[in-house]
Amino acid sequence: MTYQETLDWMFSQLPMYQRQGQSAFRKDLTNTLKLVEYLNHPEKDFKSTHVAGTNGKGSTSHMLASILQEAGYKVGLYTSPHLKDFRERIKINGKVISKPYVNGFIKRHKQFFEANSLSFFEMTVGMAFEYFSKQKVDIAVIEVGMGGRLDSTNIITPEVSVITNIGFDHMQFLGNTLEAIASEKAGIIKPNIPVVIGETQKETSSVFKEVALKNNTSIVFADKEKFDTYASDLTGIYQSKNIVTVLQAIKELQKKGFILSEENIKQGLLQVVRNTGLMGRWQTIKINPKVVCDTGHNRDGLNYVMKQLQNEDFDALHIVFGVVNDKDLTSIMDLLPKKATYYFCKPDIPRGLEATELKKALYSFGLLGKAYGSVNEAYKCALKNAKSNDFIFIGGSTFVVAEII
């Protein structure tokens, strides 16, 4: 198979949560454990950090990888979902996995995947772990896909476990309260492995403390620690919280023998995009008019994005907006500015919500605009209508952003 044929097979033959939603969700780690045993446990061949959380886990993972790279380590980075190309999920020192490796991995193991009905995510985790093992990385930063306890990545024994924060997202899988969601994410806490919690929240702190105690491990709430202020090329206002989480995780890695200097930390935070290729975090893609996209899509993520919008200086605001069909729109409606022209669109995935349905739902909340046939059509119309001093924001879903950048 060619690379494209391999991807088409992966996307169509196996459940993929990002595209299909609930039908792709696995309820236990049986398949993943079976897979890594079949692959001779590649996850045991490299050191790792494990990063979970409702928001910020992607940025946090990329910042950690960038700092480790600045210190001269060979760093694996596993994240999800991808924006433009599947290979973004698996990188070493910012370079994506090769097309021949993706092809070869599927070709070598296709029979096993089919015989055991592996999901897209299970298969991708296996690919990443085998790749990091064969390439002999010094350490891999592994981002949880969803939740923690039952996530396919949760078979590693990391140097440090990181949980950025807890918010409402994927409640159909993780629970309807912050405590329940925290309990799922606390599933990555391992015996005697230090855990860093990014944000102290009254509803979740006791959950994390209890799980840490049961696992005889140290726990630190990063936002309660004192750190110097560091700049970053990731300019979203929400990144300040992620930076604090990263700094505490770095302290834990230093205790484990990783040599990470003040200059490594400073440069690593300043060169995240260059070192790792991260995209879609308050990313400016055009000037005059200014166009910014951001992948924030749940209430907490969009709340920070909308606060950032208030700091911008513009004449008129244009918002290209699309969501997935299992999005609880009532949870985000009040965050969206009414003084804006909306360009409603459907991301080009099976889970995308029809633009006309989105327009109808948001109209009832006083958010006005037109429905368009595609994300690109919506964006083109926004560009056509915007004056040079206007501002265009693109967001609502990772998959809307993916079609623009």
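**Student:** What is the right way to read the overall build of the chain from this model?
**Tutor:** Across its full length, the chain carries 16 helices and 14 strands. Compactness check: the chain gives a C-alpha radius of gyration of 21 Å against a globular reference of 22 Å for 405 residues, within 12% of the reference. With respect to the three principal axes, the spread of C-alpha positions in the chain is 55 × 50 × 40 Å. Residue burial in the chain is summarised as follows: out of 405 residues, 58% are buried. For the chain, the exposed surface amounts to about 17000 Å²; the carbon and sulfur share of it is 48%. Averaging the coordinates of the 49 positive side-chain charges in the chain and doing the same for the 43 negative ones gives two points 2 Å apart.

**Student:** Just to check I follow, could you spell out helix α8 (residues 178–185) for this structure?
**Tutor:** Working note: α-helix, 3.6 residues per turn, so residues spaced by three or four point in the same direction. All buried positions along α8 are accounted for by L178, I181, A182, E184 and K185. Seen from one end, α8 has its buried residues packed into an arc of 160°, which puts them on one side.

**Student:** What should I look at first to understand the sheet that holds strand β6 (residues 160–163) in this one?
**Tutor:** Here we have 8 strands laid out as an open sheet, ordered β4-β3-β2-β5-β1-β6-β7-β8, and mixed in their pairing. The outermost strands of the open sheet, each flanked by one partner alone, are β4 (95–96) and β8 (219–221). Sheet strands in contact with helix α6 (residues 120–134) are β2 (75–78), β3 (90–92) and β5 (139–143), and its direction is about 15° off that of β3. Helix α10 (residues 239–255) rests against β1 (47–52), β5, β6, β7 (195–197) and β8 of the sheet, and its axis sits at about 170° to β6.

**Student:** Sorry if this is basic, but what is going on with the pairing of strand β12 (residues 341–344) here?
**Tutor:** Within a regular strand, side chains alternate between the sheet's two faces. Sheet analysis places strand β11 (residues 317–321) next to β12, joined by 4 bridges and oriented parallel. Note that in β12 the partner of I319 across the bridge is Y342. Relative to strand β13 (residues 369–371), β12 is paired through 3 bridges, and the arrangement is parallel. Directly across from Y342, in β13, lies its bridge partner G369. Regarding topology, helix α14 (residues 355–363) serves as the crossover connection from β12 to the parallel β13, and that connection is right-handed.

**Student:** Sorry if this is basic, but what is going on with helix α13 (residues 299–310) here?
**Tutor:** For α13, with 12 residues, the first-to-last C-alpha span of 17 Å sits near the 16 Å given by 1.5 Å per residue. Along α13, the positions that sit buried rather than exposed are G301, L302, V305, M306, Q308 and L309. For α13, the arc enclosing every buried residue in end-on projection is 155°, short of the 170-degree limit, so these residues lie on one face. Where α13 is buried, its residues touch β11 and β14 (391–395).

**Student:** How do you make sense of the pairing of β6 when you look at a structure like this?
**Tutor:** With burial as the criterion, each face of β6 is covered, one bearing V160 and V162 and the other bearing S161 and I163. Alignment of β6 against β7, held across 3 bridges, turns out to be parallel. When the sheet's bridge partners are listed, V162 is paired in β7 with V196.

**Student:** Quick question: what am I supposed to make of the side chain of N31 here?
**Tutor:** As for its placement among the helices and strands, N31 is situated in helix α3 (residues 30–38). At 3.4 Å, the side chain of N31 forms a polar contact with the side chain of E122.

**Student:** Quick question: what am I supposed to make of the nonpolar core here?
**Tutor:** Side chains of a nonpolar character, in soluble globular proteins, are inclined to be buried together. If you look at the biggest cluster of nonpolar residues, it comprises 35 residues, and the most contacted ones within it are M10, F86, F113, M127 and F132. At the level of secondary structure, the elements contributing two or more residues to this core comprise α1 (3–13), α3, β3, α5 (99–116), α6 and β5.

**Student:** Before we go on, may I ask you to explain the environment of G268 in this structure?
**Tutor:** Note on placement: G268 falls in helix α11 (residues 262–270). G268 sits 36 residues away from S232 along the chain, and the two C-alpha atoms are 8.3 Å apart. Setting aside residues no more than four positions away along its own chain, G268 makes contact with S66, I67, E70 and E263.

**Student:** Teacher, can you tell me more about the sheet that holds β12 here?
**Tutor:** Paired through their backbone hydrogen bonds, the strands of a sheet run either parallel or antiparallel. On the basis of which strands lie adjacent, the open sheet formed by 6 strands has the order β9-β10-β14-β11-β12-β13 and mixed pairing. Because the sheet does not close on itself, it has two edges, and the strands there are β9 (283–286) and β13. In this sheet, neighbouring strand axes are inclined to one another by 20° on average, regardless of whether the strands run parallel or antiparallel. In this fold helix α15 (residues 375–385) packs onto β9, β10 (290–293), β11, β12 and β14, with an angle of close to 175° to the strand it touches most, β11.

Reading the values: rules and limits
Residues numbered from 1 in each chain as written. Predicted model: local features only at pLDDT ≥ 70, side-chain atom pairs only at ≥ 80, totals over all residues. Heavy atoms only, no water. Helix = DSSP H or I, 4+ residues; strand = E, 2+ residues; numbered from the N terminus. Rg over C-alpha atoms; globule rule 2.2 N^0.38 Å. Buried < 20%, exposed > 50% of the residue type's maximum accessible area, 1.4 Å probe, protein only. Areas by Shrake-Rupley, 256 points an atom, 1.4 Å probe, with all protein chains shown as cover. Lys, Arg positive; Asp, Glu negative; His and termini not counted. Charge placed at Lys NZ, Arg CZ, Asp CG, Glu CD. Arc of directions from axis to C-beta. Pairing = 2+ DSSP bridges. Contact = heavy atoms within 4.5 Å. Axes fitted to C-alpha atoms, helices over the stretch in contact; angles between N-to-C directions. Right-handed = clockwise from strand over helix to strand, strands pointing away. Expected span 1.5 Å × (residues − 1). Polar contact = N/O pair within 3.5 Å; in protein donor to acceptor, adjacent residues only side chain to side chain. Core = buried A, V, L, I, M, F, W, Y, C linked by side-chain atoms within 4.5 Å.

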